[in-house]
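Residue-level listing of the chains:
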Amino acid sequence: MPDPVTGDEKLQRHGYSYYIDHSGGILADYEPEELEQVQVANGIGEPYAGYVSCQSTDAARVFLRGVLPGVDGLVDTNHYEILPVREFLTLVDRFPGRDWRRQPSTALQ
């Protein structure tokens with residue numbers, strides 16, 4: 001259902017609330033050079049972006065595990081890493097207690 005304040009979609013699932021923006025407007029938060037670098041490094045065409053906001057990393061894990069399997073794309077952790085979906089989900093499953101906001105994937109052994 002649409003949120004009356006933000007206009008974003010609001011989803012309630014498994015006891016968590018999510019706000020989802022499918023407009024692609026989040027791309028405006030990136031510098032053109034950043035987008036080009038991500039496109040070249042990952043061999044993608046013109047990016048399309050969605051934005052999901054939730055209250056905790058546990059909520060994010062539930063959402064990502066339920067939505068991303070089978071999706072081909074990139075996840076911007078919003079904390080200095082942009083990872084392919086498969087790689088991100090592998091890390092989430094392999095290190096279930098990891099908080100990607102505080103521990104970059106390069107720090108994992």
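Residues numbered from 1 in each chain as written. Predicted model: local features only at pLDDT ≥ 70, side-chain atom pairs only at ≥ 80, totals over all residues. Heavy atoms only, no water.

**Focus: the environment of L89**
Next up, step 1: The topology assignment puts L89 in helix α3 (residues 85–94).
Next up, step 2: By relative accessible area, L89 is classed as buried at 11%.
Next up, step 3: Sequence separation of L89 and R61 is 28 residues, and the distance between their C-alpha atoms is 8.9 Å.
Next up, step 4: Each residue touching L89, except ones within four places of it in the same chain, is listed here: L64, R65, L68 and P69. (Helix = DSSP H or I, 4+ residues; strand = E, 2+ residues; numbered from the N terminus. Buried < 20%, exposed > 50% of the residue type's maximum accessible area, 1.4 Å probe, protein only. Contact = heavy atoms within 4.5 Å.)

**A short note on unusual backbone geometry**
Most peptide bonds are trans, and most residues other than glycine sit at a negative phi.
Next up, step 1: One non-glycine residue, H14, lies in the positive phi region at around 55°.
Next up, step 2: Structurally, H14 can be placed in the loop between β1 (9–13) and β2 (16–21).
Next up, step 3: What makes H14 exposed here is its relative accessible area of 57%.

**Topic: the pairing of β1**
Next up, step 1: Bridging between β1 and β2 involves 5 bridges; their strand directions are antiparallel. Looking at β2, one finds that Q12 is bridged to S17.
Next up, step 2: Remark: 2 residues form the turn of the hairpin made by β1 and β2, two consecutive strands paired antiparallel; H14 in that turn has positive phi of roughly 55°. (Pairing = 2+ DSSP bridges.)

**Examining the packing of helix α2 (residues 57–67) against α3**
Next up, step 1: At a closest axis distance of 11 Å, the pairing of α2 and α3 adopts a crossing angle of 130°. Between α2 and α3, the angle is such that the two are oblique. Our pair here, α2 against α3, has a crossing hand that is left-handed. Contact with α2, carried on its side by R61, L64 and R65, involves F88, L89, V92 and D93 of α3 and no other residues of that element. (Axes fitted to C-alpha atoms, helices over the stretch in contact; angles between N-to-C directions. Parallel < 35°, antiparallel > 145°, perpendicular 65-115°, else oblique. Left-handed = near helix turned anticlockwise from the far one by under 90°.)

**Concerning the pattern of salt bridges**
Next up, step 1: Here the structure, examined in full by the defined rule, presents 2 salt bridges.
Next up, step 2: With its nearest N and O atoms 3.2 Å apart, the salt bridge here joins R61 to D58. In this pair, R61 and D58 both sit in helix α2, 3 residues apart, roughly one turn of the helix.
Next up, step 3: For R61, a relative accessible area of 6% gives the class buried.
Next up, step 4: Under the relative-accessibility criterion, D58 is labelled partly exposed at 43%.
Next up, step 5: The shortest N-O distance in the salt bridge between D93 and R65 comes to 2.9 Å. One end of the pair, D93, is in helix α3; the other, R65, is in helix α2, and 28 residues separate them in sequence.
Next up, step 6: Under the relative-accessibility criterion, R65 is labelled partly exposed at 36%. (Salt bridge = Lys/Arg side-chain N within 4 Å of Asp/Glu carboxyl O.)

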